[in-house]
Structure formats: structure tokens, C-alpha cells
Amino acid sequence: MLSADAADAAPAAAPPPMAAISHVIFDMDGLLLDTEGFYTAVQEKILGRYGKVFDWSVKAKMMGKTTAESTRILFEECGLTGLLTPEQFLEEREIMLKELLPTCVPMPGVVCLIHHLHANGIPLAVATGHVVMVPDARLDVSHHKEADQVLSSLLDFNPSDWGLPPF
């Protein structure tokens, strides 16, 4: 039996969505697939042969940039000019990544979210540069400023915050 107070209490209303969206566009590396560590390991290995260090200050400047722009930043920050060309670097990096990438795994929450969105008829795509950011915990928070929402993983993503069907 319910008390009078409990019977009169209405369920709490869900907060309004942050925005009503009709499509979801995902970034691939580091959001859907756990690949960021591969890029870091490969770049550390290549730079190490030249006595250079690939650290978070450099990686943070490269994140979210095109391949050409991130390579330019890497060369400037690490002083690689004259040691190898950007083309040589990218070719070597690609060879090393082709060995590692087939072993990558989905990031936490990805499979559940994609199945949920698909089951609810939400169109999906993969691109780069997004609205909801799931950064590596080591990334300085100053890089979060352009994101509309920052999450620690997709396990924290609430579809209804964005006007999508709730889980």
C-alpha cells in the first residue's frame, strides 16, 4: 500500500534534451576503436630512433588535426626536419599501423550505443572533429573548450540529452 505522499508524488520529469538531433556522426580513432595507443607507440618508436621524444604536449597539439597538419606539428615540435621527410615518416607509420590496427577493440559503451541507435532508426556515420568529446584522461582540459559535452567514456553518454531515444 502506498502512503498518501507517495501516491501524490509524480515521477521526476526528464531534463530537456541538450539539442534535438536526427543523425549521429562518430569519430573513429579513440572513440569507436581503441587505436590511440597504437598511434602513440608507433610515433614513439619512430622518433626514438632519432633521439626524439613523443610526449603528451606534442600529442595534444596534434589531436583533431588532419594528417598533414598533425605531421607538420610533429616535425616542428620534435625537430625532425632534415632527419626524414614527412612522406617517409607517414609511410613508415602506415606500415607499422597496418600490423597493429587489426587487433584494436571497441571502446567502452560503443557496441551498446550503436546497436541502440540502429534499433531506433537513427542514421549513423563516421567522420572526425565532433560535438561530444571522449578524450584520453591524460589530455589537458584546455583542449575540451570546443566540445559541447565532454565524457569519460561512451558509457556516460545519455542519448536523451541530445533528443535521441533513451536507453
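Everything that follows concerns the structure shown earlier in this document.
Everything quoted here is computed from the prediction, not taken from an experiment. Here, residues in each chain are numbered from 1, in the same order as that chain's written sequence. Per-residue local features are limited, in this predicted model, to residues with pLDDT of at least 70; the limit for side-chain atom pairs, both in listing and counting, is 80 or more; totals at the level of whole chains, interfaces and linings are taken over all residues. Excluding hydrogens and water, the side-chain values take into account all heavy atoms of the structure.

> Explanation requested: the overall build of the protein chain in the structure shown.
Broken down by element type, the protein chain carries 6 helices and 4 strands. For this measure, only C-alpha atoms enter the radius of gyration; the expected value for a globule follows 2.2 Å times N^0.38, where N is the number of residues. Relative to a compact globule of 167 residues, whose C-alpha radius of gyration would be 15 Å, the protein chain shows 21 Å and is clearly more extended. In this scheme, a residue with accessible area under 20% of its type's maximum is buried, one over 50% is exposed, and one in between is partly exposed, where area comes from a 1.4 Å probe on protein chains only. Out of the 167 residues belonging to the protein chain, those deemed buried represent 32%. Residue contacts follow a heavy-atom distance rule, with two residues in contact if any of their heavy atoms lie within 4.5 Å. Look at the contacts in the protein chain between residues 6 or more apart in sequence, and 65% of them connect residues 24 or more apart. Only runs of H or I of at least four residues qualify as helices and only runs of E of at least two qualify as strands under DSSP, and these elements are numbered from the N terminus.

> Hey, could you run me through the nonpolar core in this one?
Soluble globular proteins: nonpolar side chains tend toward being buried together. Among the nonpolar cores identified, the biggest contains 17 residues, and Leu47, Leu74, Leu80 and Phe89 are the most heavily contacted of them. Among the elements of the structure, helix H2 (36-48), helix H3 (56-62), helix H4 (67-78) and helix H5 (86-100) are those that each provide at least two residues to this core. In these notes, a set of buried Ala, Val, Leu, Ile, Met, Phe, Trp, Tyr and Cys residues joined through side-chain atoms within 4.5 Å is what counts as a nonpolar core.

> Is there a simple way to explain the pattern of salt bridges in this structure?
Where charged atoms from two side chains of opposite charge come close, those side chains can pair. Here, a salt bridge means any side-chain nitrogen of Lys or Arg that lies within 4 Å of a carboxyl oxygen of Asp or Glu. As enumerated under the stated definition, the model contains 6 salt bridges in all. When the shortest N-O distance is used, the salt bridge between Arg49 and Glu92 registers 1.8 Å. Of this pair, Arg49 sits in the loop between H2 and H3 while Glu92 sits in helix H5, and the two are 43 residues apart along the sequence. For Arg49, a relative accessible area of 47% gives the class partly exposed. Taking the relative accessible area as the measure of exposure, Glu92 reaches 23% and is therefore partly exposed. The partner of Glu77 in a salt bridge is Lys61, and the shortest N-O contact between them spans 3.1 Å. Taken as a pair, Glu77 in helix H4 and Lys61 in helix H3 lie far apart in primary sequence, 16 residues in all. A residue is classified by how much of its surface remains accessible, and Lys61, at 37% relative accessible area, is partly exposed. Residues joined in a network through salt bridges with shared partners are Glu69, Arg72 and Glu76.

> For this particular structure, what's the right way to read H2?
Count 3.6 residues to each turn of an α-helix, and residues three or four apart come out pointing the same way. The span one expects for a helix is its residue count, reduced by one, times 1.5 Å. Over its 13 residues, H2 runs 18 Å from end to end, which matches the ideal 18 Å to within 8%, given 1.5 Å per residue. The set of residues buried in H2 consists of Phe38, Thr40, Val42, Gln43, Ile46 and Leu47. Packed against the buried residues of H2 are H3, H4 and H5.

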